[in-house]
Amino acid sequence: MIIDFIYFQILIIVLLVMLFTSAFRILREYERGVIFLLGRFYKIKGPGLILVIPFVQQIVRVDLRIITMDVPSQDIISKDNVTVKVNAVLYFRVLDPQKAIINIENYLEATSQLAQTTMRSVLGQHELDEILSARDTLNADLQRILDQSTDGWGIKVTAVEIKHVDLDESMIRAIARQAEAERSRRAKIIHATGELEASKQLLEAARMLGQQPEAIQLRYLQTLTEITNDNSKIIIFPLPLEFGKMLQPILDPTPPAATSSPDDIT
């Protein structure tokens, strides 16, 4: 009987020690504890060593670090009726542990679902070209809308980044044809601009050479010198029209026949 009583005392002591030790909790630097006293919110404790009274107080740990969440691919119909699949990555953190635990049942799941619906809504208001090229603007719009929506949950959305935009093969080929046509248009414009500038320069050169006819002869001699530097056996060199006019009296020495006037006819 005495031995049973001693075992009982030892058991009570062990239970009291276990109960006493379980009252102490250690929270890391990035953790906070939301304390409930008999089911009602009491206070936020941490980090470090805290005391939680067993059976009277309950603690819910909250991580304050930035959480990286992958937003699954969403089927989005753009403003110009093109179906694309877009996925993104979301960065957010808990600013107010009390709101994150009391105002929302599961803030992780709620933030994920809100990000998916918001991405479909925002990207559906833009055309495909804007989705592909204006990602910085779309990221800023998504971050602003999500941050406003999660403010009541004590959550701060720091960034939203669109990762991939998947297109159908037919749409990829259409975009490639469009890009090729755009490059062809630019090449034609550049070529036409070059021809226009060259014609202006040639016109100016013709005016200057027209003022000094001797300059055209020097230009021909310079061109002949450049041609003779090549290893070609046949050289075709055009003669200016002035040479023909100068050689015409030599090749045709007979003077032109005098035309009779009407007075000489009797």
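Computed from a prediction, not measured in an experiment: that's the story for all the values here. Counting of residues starts from 1 at the beginning of each chain's written sequence and follows it residue by residue. Totals for whole chains, interfaces and linings use every residue, but because this is a predicted model, local features are given only for residues with pLDDT of at least 70 and side-chain atom pairs only at 80 or more, for both listing and counting. The basis for the side-chain values is all heavy atoms of the structure; hydrogens and waters are excluded.

Observations concerning the pairing of strand β2 (residues 31-37)
Then, number 1: Burial classes follow relative accessibility: with a 1.4 Å probe on protein chains only, a residue under 20% of its type's maximum area counts as buried, one over 50% as exposed, and anything between as partly exposed. Here a helix means four or more residues in a row that DSSP labels H or I, a strand means two or more in a row labelled E, and each is numbered from the N terminus. Buried residues dominate β2, accounting for six of its seven residues.
Then, number 2: Paired strands are those between which DSSP finds at least two bridges. Where β2 and strand β5 (residues 57-63) come together, seven bridges link them in antiparallel fashion. Looking at β5, one finds that Ile35 is bridged to Ile59.
Then, number 3: In terms of strand pairing, β2 meets strand β3 (residues 40-45) through five bridges, oriented antiparallel.

Notes on the packing of aromatic side chains
Then, number 1: Here is the rule: rings of Phe, Tyr and Trp (six-membered ring for Trp) pair when centre to centre is within 6.5 Å. Planes less than 30 degrees apart are stacked, more than 60 are edge-to-face, and the remainder are tilted. In this structure the tally under the stated criterion is two aromatic pairs.
Then, number 2: With centroids separated by 5.1 Å and ring planes inclined at 75°, the aromatic side chains of Phe20 and Phe24 adopt a geometry described as edge-to-face.
Then, number 3: Residue classification places Phe20 among the exposed positions, given a relative accessible area of 54%.
Then, number 4: Assessed through its relative accessible area of 35%, Phe24 is described here as partly exposed.
Then, number 5: Relative to Phe41, the ring of Phe36 lies with its centre 6.4 Å away and its plane at 80°, an arrangement referred to as edge-to-face.
Then, number 6: Any Lys NZ or Arg CZ that is within 6 Å of a ring centre and within 35 degrees of that ring's normal is treated as a charge sitting over the ring. Above the ring of Tyr30, the side-chain terminus of Arg65 is found at 3.8 Å from the ring centroid.

A closer look at the UniProt feature "transmembrane region" (unreviewed entry) in the protein
Then, number 1: UniProt positions are given in the numbering used here, feature names are shortened, and annotations may be inferred rather than shown by experiment. Those residues carrying the UniProt feature "transmembrane region" (unreviewed entry) are residues 6-27 in this numbering.
Then, number 2: Secondary structure content for residues 6-27 is 77% helix and 18% strand, and the end C-alpha separation is 37 Å.

What to know about the pattern of salt bridges
Then, number 1: We define a salt bridge as a side-chain nitrogen of Lys or Arg found within 4 Å of a carboxyl oxygen belonging to Asp or Glu. The tally for this structure, following the rule as stated, stands at eight salt bridges.
Then, number 2: We note a salt bridge from Glu31 to Arg28, for which the minimum N-O separation is 3.7 Å.
Then, number 3: Classification of Arg28 by relative accessible area gives partly exposed; the value is 48%.
Then, number 4: A salt bridge links Arg144 to Asp141; its shortest N-O distance comes to 3.9 Å. Highlighted residues: Arg144 and Asp141, both in helix α5 (residues 135-149), separated by three residues, approximately one helical turn.
Then, number 5: Overall, Asp141 belongs to the partly exposed group, its relative accessible area being 21%.
Then, number 6: It is possible to trace a salt-bridge network through shared partners that takes in Arg28, Glu31 and Arg61.

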